[in-house]
Amino acid sequence: MPTEKDIELVKKAVAYDLKLILSENPDKTYTQKELEQIIDSYVAKP
């Protein structure tokens, strides 16, 4: 069973990974739909 600390670390890792994905194209502006698709594809990764 994960501890609260483990859960917090996973949340931070997810946020950081998504930040890295978005920073690959710093001049791009994303629509809400595009952001949803990025998050959905990240979450669906095995």
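It should be noted that the structure appears before, not after, this text.
Everything in this summary refers to the structure shown in the same document.

Calculation notes
- Residues numbered from 1 in each chain as written.
- Predicted model: local features only at pLDDT ≥ 70, side-chain atom pairs only at ≥ 80, totals over all residues.
- Heavy atoms only, no water.
- Helix = DSSP H or I, 4+ residues; strand = E, 2+ residues; numbered from the N terminus.
- Buried < 20%, exposed > 50% of the residue type's maximum accessible area, 1.4 Å probe, protein only.
- Areas by Shrake-Rupley, 256 points an atom, 1.4 Å probe, with all protein chains shown as cover.
- Lys, Arg positive; Asp, Glu negative; His and termini not counted.
- Charge placed at Lys NZ, Arg CZ, Asp CG, Glu CD.
- Contact = heavy atoms within 4.5 Å.
- Phe/Tyr/Trp six-rings, centres within 6.5 Å; stacked < 30°, edge-to-face > 60°.
- Lys NZ or Arg CZ within 6 Å of the ring centre and 35° of its normal.

**Side note on the overall build of the chain**
So, point 1. Counting its secondary structure elements, the chain contains two helices and zero strands.
So, point 2. Considering only C-alpha atoms, the chain reaches an extent of 40 × 20 × 20 Å along its principal axes.
So, point 3. Every one of the 46 residues in the chain was classed for burial, and the buried ones make up 7%.
So, point 4. Carbon and sulfur atoms provide 60% of the accessible area of the chain, an area that totals close to 4200 Å².
So, point 5. A gap of 3 Å separates the mean positions of the 7 positive and 9 negative side-chain charges of the chain.

**Thoughts on the environment of glutamate 34**
So, point 1. Structurally, glutamate 34 can be placed in helix α2 (residues 32–44).
So, point 2. Residue glutamate 34 is classed as partly exposed on the basis of its relative accessible area, which comes to 25%.
So, point 3. In the structure, glutamate 34 is positioned 10 residues away from glutamate 24 in sequence and 14 Å away in space, judged by C-alpha atoms.
So, point 4. Look past the residues within four positions of glutamate 34 in its chain and what remains in contact with it is Lys28 and Thr29.

**A closer look at the packing of aromatic side chains**
Here a ring pair, both rings aromatic, is described through the centre-centre distance and the interplanar angle of the planes.
So, point 1. All chains considered together, the criterion is met by zero aromatic pairs.
So, point 2. Directly above the aromatic system of tyrosine 30 lies the positively charged group of lysine 28, at a separation of 5.0 Å from the ring centroid.

From the geometry alone we can't say anything about function, so treat these as descriptive.
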